[in-house]
Amino acid sequence: MAAQNSTRPADAAPSSGGPRGPVARALRLLEAVDRHAHGSTPAELADEVGLPVEAARRVLRALEREGYLQRLDDGAYVIGSALALLGEGNRELMVQSRLLAKLSSLRDELGAAVYFSRYQDGEVSVDAVVDGPSTPSVHEWVDFRATGHASALGKCLLGQLDHDGRRDHFFRHPAARFTPSTEVDQSVLLHLLDRQPATVPVLDLQEYALGTVCAAVPITAGDSVGALGFSLPLDQSYRLRETAETLASRAAPVLLALSL
């Protein structure tokens, strides 16, 4: 077999570590533009993704022609209308992708499995769990929908409902005992939920599962009731409160990812 000619113009080759192939270059440049809300120049974008400037200019011009980018008067590029419309058609997928990216970053920062939960149609729903080999998640040995009284996520969600909403939930899901630490007296549960400050993380101290402690904070946008939480093995319980404070301070970017 004859050897292939590997010679090509210098400006068509990505620099070391740069994206290879036209599709990869276009995607990396789109991502770079998206990171700069007020626009970025071809030289800045080329440097950010590791491309020669002229190669980046060609791709940027092609994306501009297709409407995926818009060039401002000063030569900087911003996201174009075609990409915005494309995003509208796939908004749910984009939101899920952004959410998982934020949760993954949070897992790495906290050193703990991270969860996102909602209260939808009268039920506790765990929508996303991001864990890893060194940050295992809680084994769902009882359906999370029935554990609102015992889990940090569930209590955080119920705490955002009004009194009648909480009573209705307990009518449909009577409190059951999962561990010796599980509170099952409805009047006590309602009293504790009434007294829970909205700005203080909700804790689960082996109430759902032995050997695990958890914390959760509210994530609320409009009428949507949500919660962000994490879990730790019992031998790391000394990290619970400090990690919960960090979680609370990092909740805003997660809420932003859900709102975009």
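Details of the structure are given in the entry above.
Residues numbered from 1 in each chain as written. Predicted model: local features only at pLDDT ≥ 70, side-chain atom pairs only at ≥ 80, totals over all residues. Heavy atoms only, no water.

## Some remarks on the overall build of the chain
And step 1. Assigned secondary structure in the chain consists of 10 helices and 7 strands.
And step 2. Taking all 260 residues of the chain together, the buried fraction comes to 40%. (Helix = DSSP H or I, 4+ residues; strand = E, 2+ residues; numbered from the N terminus. Buried < 20%, exposed > 50% of the residue type's maximum accessible area, 1.4 Å probe, protein only.)

## Details of the side chain of Asp204
And step 1. Relative to the assigned elements, Asp204 resides in strand β5 (residues 202-205).
And step 2. Buried within the structure, Asp204 lacks any salt-bridge partner; Lys155 is the closest side chain of opposite charge, at an N-O distance of 5.7 Å.
And step 3. A distance of 3.4 Å separates the side chain of Asp204 from the backbone nitrogen of Gln206, its partner in a polar contact.
And step 4. Sequence-distant contacts of Asp204, defined by excluding residues within four places in its chain, comprise Ala150, Ser151, Ala152, Lys155, Thr212, Val213 and Cys214. (Lys, Arg positive; Asp, Glu negative; His and termini not counted. Salt bridge = Lys/Arg side-chain N within 4 Å of Asp/Glu carboxyl O. Polar contact = N/O pair within 3.5 Å; in protein donor to acceptor, adjacent residues only side chain to side chain. Contact = heavy atoms within 4.5 Å.)

## Thoughts on unusual backbone geometry
And step 1. The backbone of Asp121 sits at a positive phi, close to 50°, despite the residue not being glycine.
And step 2. Tracing the backbone shows Asp121 in the loop between β3 (113-120) and β4 (123-130).
And step 3. In the Ramachandran plot, Gln206 falls in the positive-phi region, its phi being about 60° despite a non-glycine side chain.
And step 4. Examined against the element boundaries, Gln206 turns out to sit in the loop between β5 and β6 (212-221).

## Some remarks on the pattern of salt bridges
And step 1. In the structure shown here, the tally under the stated rule is 12 salt bridges.
And step 2. A salt bridge links Arg118 to Asp127; the nearest nitrogen and oxygen atoms lie 2.9 Å apart.
And step 3. Arg118 gets classed as partly exposed once you look at its relative accessible area, which sits at 23%.
And step 4. Its relative accessible area of 30% is what places Asp127 among the partly exposed residues.
And step 5. Asp168 is the salt-bridge partner of Arg172, the closest N and O atoms lying 3.1 Å from each other. You can see Arg172 and its partner Asp168 sitting in helix α7 (residues 163-172), 4 residues apart, about one turn around the helix.
And step 6. The structure contains a network of salt bridges with shared partners spanning Glu123, Asp168 and Arg172.

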